[in-house]
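# What the coordinates show
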Amino acid sequence: MRGGTVVEATGPRRADVLVGDGRIVAVGPELTHHGARVIEAGGAFVIPGGIDVHTHFALPVGAVTSADDFESGTIAAACGGTTCVVDYAGAGREPWQQAIATWHDRARERAVVDYAFHLTVIELPQTVEGAAARFAEFVARGITSVKLYLAYPDRLMVDDDTLARALAASRPTGMRVCAHAEDGAAIEALTASAIADGRTGPDAIPSVRPPSVEAAAIRRAAELARDAAAELYVVHLSSEAGLWAIRAARSSGAMVRAETCPHYLHLDASRLLAGDRDFVCAPPLRAAPDRAALWAALGTGEVEVVATDHCPFTIEDRRRGTSGTGASTFTQIPGGLSGVETRLSLVYQGVRRGHLSLERWVDCTSTAPARLFGLAGCKGSIRPGLDADLVVFDPSATRRLDSSELHSRGDRSPYEGVVVTGWPVVTLSRGRVVARDGEPAEAQPGWGRFIRRSTDSTRPPIPFPAGTRGPTGVEGGT
């Protein structure tokens, strides 16, 4: 790759990148190699391939299944500059051995870019030692992170004792514990009240899943993490109230990290309030002050990662509902939005608007996910020896984010009509061109390989700028 500006989490520099046998060989000015194929970057950015650590490919939800499988989902990823995904294995009720086997079967010979798995956990042995032994079995299979839900009591929610054991067991095993932080009991009560009042459409969702239920769950989970002296990773942070709960938890000594998603940075609840079921997701879309708070926290590094929670459904399946015979209430609408293809560019819009620097853009979309999820030994940076997962990103290229222009099998983009400036023009997966100008190039199902992740014991400091003060009066410190 010649003539580009290499951008990493440490900053930009003019450099060429030499690739051989699927790995980065050298990075520096005016590199040459006899017989090498040359990709002219033409002054565009050369960045490490994006890493999306929150996807749900081919996820069954009742009678319907998320629209993208590992083939269509990773093709979309490649076209948008993402070269590795970490998918959540398990629908919740099956034995963990079956969940791992099923997800390997779904991904093998289909993935176009590399992939790894988290594991959804709804039960653990009744002792910390037993939980640690189970986590050690996951680690032996290259799975070094788990997700526990504090919502959905009918199928996924764990109690505090289970979460506490998971956190305690994470310390000796290096397992990363991720939490879907919404207070399930409060949501159930608010849902029952809404339905009793005849509020059964999507417009009721913001009131039955308000920011307060996210903040309450974060506080509870963070207290358990502090008691266990363990780290907690909050997925899909959506609200300013949740952000302040994280800040308060950090100031009290809890080790809490967080990701957010592009839809919480760009979309708002107006679509839900208008009754549009194609914008249902959990947590739900929020208000303008929440978006502003999340952009600010992303810029400072308080929110470290942007992932997508990619889980789109077709228009038909939204209407069929989880029962397969129609959604009579909002509780039967399958939730989730697309994002794996549009993430890199949507976060780059924050660079254009002054919300974050170029290096923070690369860090939150690639380097931090690699660092936090055991991939830093092979991905997330541009240095010799790592996989040649590289993207030439043209900051002046434009793209209309209509479903007809994208590659997800979800047939309605949440960003229909939106035109972004800045788009990948070349995507390399281990040295292979898998996308060019936003379209599949040498993309071959089965090229993507399963990555066995490590449990790196070196943890970067928890980000928390000093001197911040929120509505609760809690002041931050490092």
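Look above for the structure.
Here the structure is a predicted model, which means the values were calculated and not measured. (Residues numbered from 1 in each chain as written. Predicted model: local features only at pLDDT ≥ 70, side-chain atom pairs only at ≥ 80, totals over all residues. Heavy atoms only, no water.)

## Concerning the overall build of the protein
A count of helical and extended segments in the protein gives 14 helices and 18 strands. Expected size for 478 residues packed as a compact globule is a radius of gyration near 23 Å; at 21 Å, the protein falls within 12% of this value. Across its three principal axes, the protein shows a C-alpha extent of roughly 70 × 45 × 45 Å. Split into buried and exposed, the 478 residues of the protein put 60% on the buried side. In the protein, the proportion of contacts linking residues at least 24 apart, taken out of those at least 6 apart, comes to 75%. Charge separation in the protein, taken as the distance between the mean sites of 50 positive and 56 negative side-chain charges, equals 2 Å. (Helix = DSSP H or I, 4+ residues; strand = E, 2+ residues; numbered from the N terminus. Rg over C-alpha atoms; globule rule 2.2 N^0.38 Å. Buried < 20%, exposed > 50% of the residue type's maximum accessible area, 1.4 Å probe, protein only. Contact = heavy atoms within 4.5 Å. Lys, Arg positive; Asp, Glu negative; His and termini not counted. Charge placed at Lys NZ, Arg CZ, Asp CG, Glu CD.)

## A few points about the packing of aromatic side chains
In total, this model carries 15 aromatic pairs according to the counting rule given. Between Y115 and F450, the ring centres sit 6.0 Å apart and the planes meet at 50 degrees, which makes this aromatic pair tilted. Of the two residues, Y115 sits in strand β9 (residues 114-120) while F450 sits in the segment after β18 (439-440), which places them 335 residues apart along the sequence. Ring centres of Y348 and W361 lie 4.9 Å apart, and the angle between their planes is 55 degrees; this geometry places the pair in the tilted category. Separated by 13 residues along the polypeptide, Y348 in helix α13 (residues 343-352) and W361 in helix α14 (residues 358-372) bring together distant segments of the chain. Overall, the relative accessible area of 7% leaves Y348 in the buried class. Joined through ring pairs, the aromatic side chains of F57, F70, Y115, F117 and F450 make up one cluster. Directly above the aromatic system of Y88 lies the positively charged group of K147, at a separation of 4.4 Å from the ring centroid. (Phe/Tyr/Trp six-rings, centres within 6.5 Å; stacked < 30°, edge-to-face > 60°. Lys NZ or Arg CZ within 6 Å of the ring centre and 35° of its normal.)

## Some remarks on unusual backbone geometry
A cis geometry characterises the amide bond from A282 onward to P283, with omega recorded as -5 degrees. Inspection of the secondary structure puts P283 in the loop between α10 (270-273) and α11 (288-300). Notably, A58 is not glycine yet its phi reads approximately 50 degrees, a positive angle. Here A58 shows up in the loop between β5 (50-55) and β6 (60-61). On the accessibility criterion, A58 (14% relative accessible area) is buried. Non-glycine residue D437 carries a positive phi angle of around 55 degrees.

## Topic: the state of the cysteines
What is meant by a disulfide is a covalent connection between two cysteines, made through their sulfur atoms. This model, assessed by the stated rule, comprises zero disulfides. Here C281 is not disulfide-linked; the sulfur of C261 is the nearest cysteine sulfur, at 8.3 Å. Free cysteine C378: the closest other cysteine sulfur is in C84, separated by 7.0 Å. (Disulfide = S-S within 2.5 Å.)

## Some points on the sheet that holds β18
Taken in spatial order, the eight strands line up as β3-β2-β1-β4-β15-β16-β17-β18 in an open sheet, and their pairing is mixed. Both edges of this open sheet fall to β3 (23-28) and β18, since each of them pairs with a single strand only. Lying over the sheet, α14 contacts β1 (4-8), β2 (11-20), β4 (45-48) and β15 (390-400), oriented at roughly 35 degrees with respect to β4. (Pairing = 2+ DSSP bridges. Axes fitted to C-alpha atoms, helices over the stretch in contact; angles between N-to-C directions.)

## Some details on helix α8 (residues 240-251)
For α8, spanning 12 residues, the distance from its first C-alpha to its last is 17 Å, which sits close to the expected 16 Å at 1.5 Å a residue. Taken together, the buried positions of α8 are G242, L243, W244, A245, I246, R247, A249 and R250. Looking at the buried residues of α8, the elements they touch are α7 (211-228), β12 (231-234), β13 (255-260) and α11. Directly beyond the C-terminal end of α8, a positive phi value near 105 degrees is found at G253. (Expected span 1.5 Å × (residues − 1).)

## What about the pairing of β2?
As paired strands, β1 and β2 are joined by five bridges and run antiparallel to one another. Considered in β2, the bridge of V6 is made with R13. Between the antiparallel neighbours β1 and β2 lie two residues. As defined by bridge partners, β2 adjoins β3 across five bridges and the pair is classed as antiparallel. Across the sheet, D16 pairs through a bridge with G28, a residue of β3. Where β2 folds back onto β3 in an antiparallel hairpin, the turn is made up of two residues, including D21, whose phi is positive at roughly 55 degrees.

## Some points on the pattern of salt bridges
Considering all chains together, one arrives at 32 salt bridges under this definition. A salt bridge links K379 to D114, with the shortest nitrogen-to-oxygen separation between them at 2.8 Å. Taken together, the positions of K379 in the loop between α14 and β15 and D114 in strand β9 put the pair 265 residues apart, joining distant regions of the chain. A single burial state applies to K379 and to D114, both of which are buried. R449 is the salt-bridge partner of D387, the closest N and O atoms lying 3.1 Å from each other. Note that D387 is positioned in the loop between α14 and β15 and R449 in the segment after β18, a separation of 62 residues in sequence. Among the charged side chains, a network of salt bridges with common partners joins R23, D114, K379, D387, D389, R430 and R449. (Salt bridge = Lys/Arg side-chain N within 4 Å of Asp/Glu carboxyl O.)

## Quick word on the sheet that holds strand β8 (residues 82-89)
Read from one edge of the open sheet, eight strands run β5-β8-β9-β10-β11-β12-β13-β14, paired in parallel fashion. At either margin of the open sheet sits one strand with a lone partner, and together these are β5 and β14 (305-306). Across five bridges, strand β10 (residues 145-149) lies against strand β11 (residues 176-180) in parallel orientation. Its bridge partner lying in β11, Y149 is registered against H180. On the sheet, α13 packs against β5, β8 and β14 and is oriented at approximately 110 degrees with respect to β5. Across the sheet, α14 lies against β5, β11, β12, β13 and β14, angled at about 65 degrees from β5, the strand it touches most.

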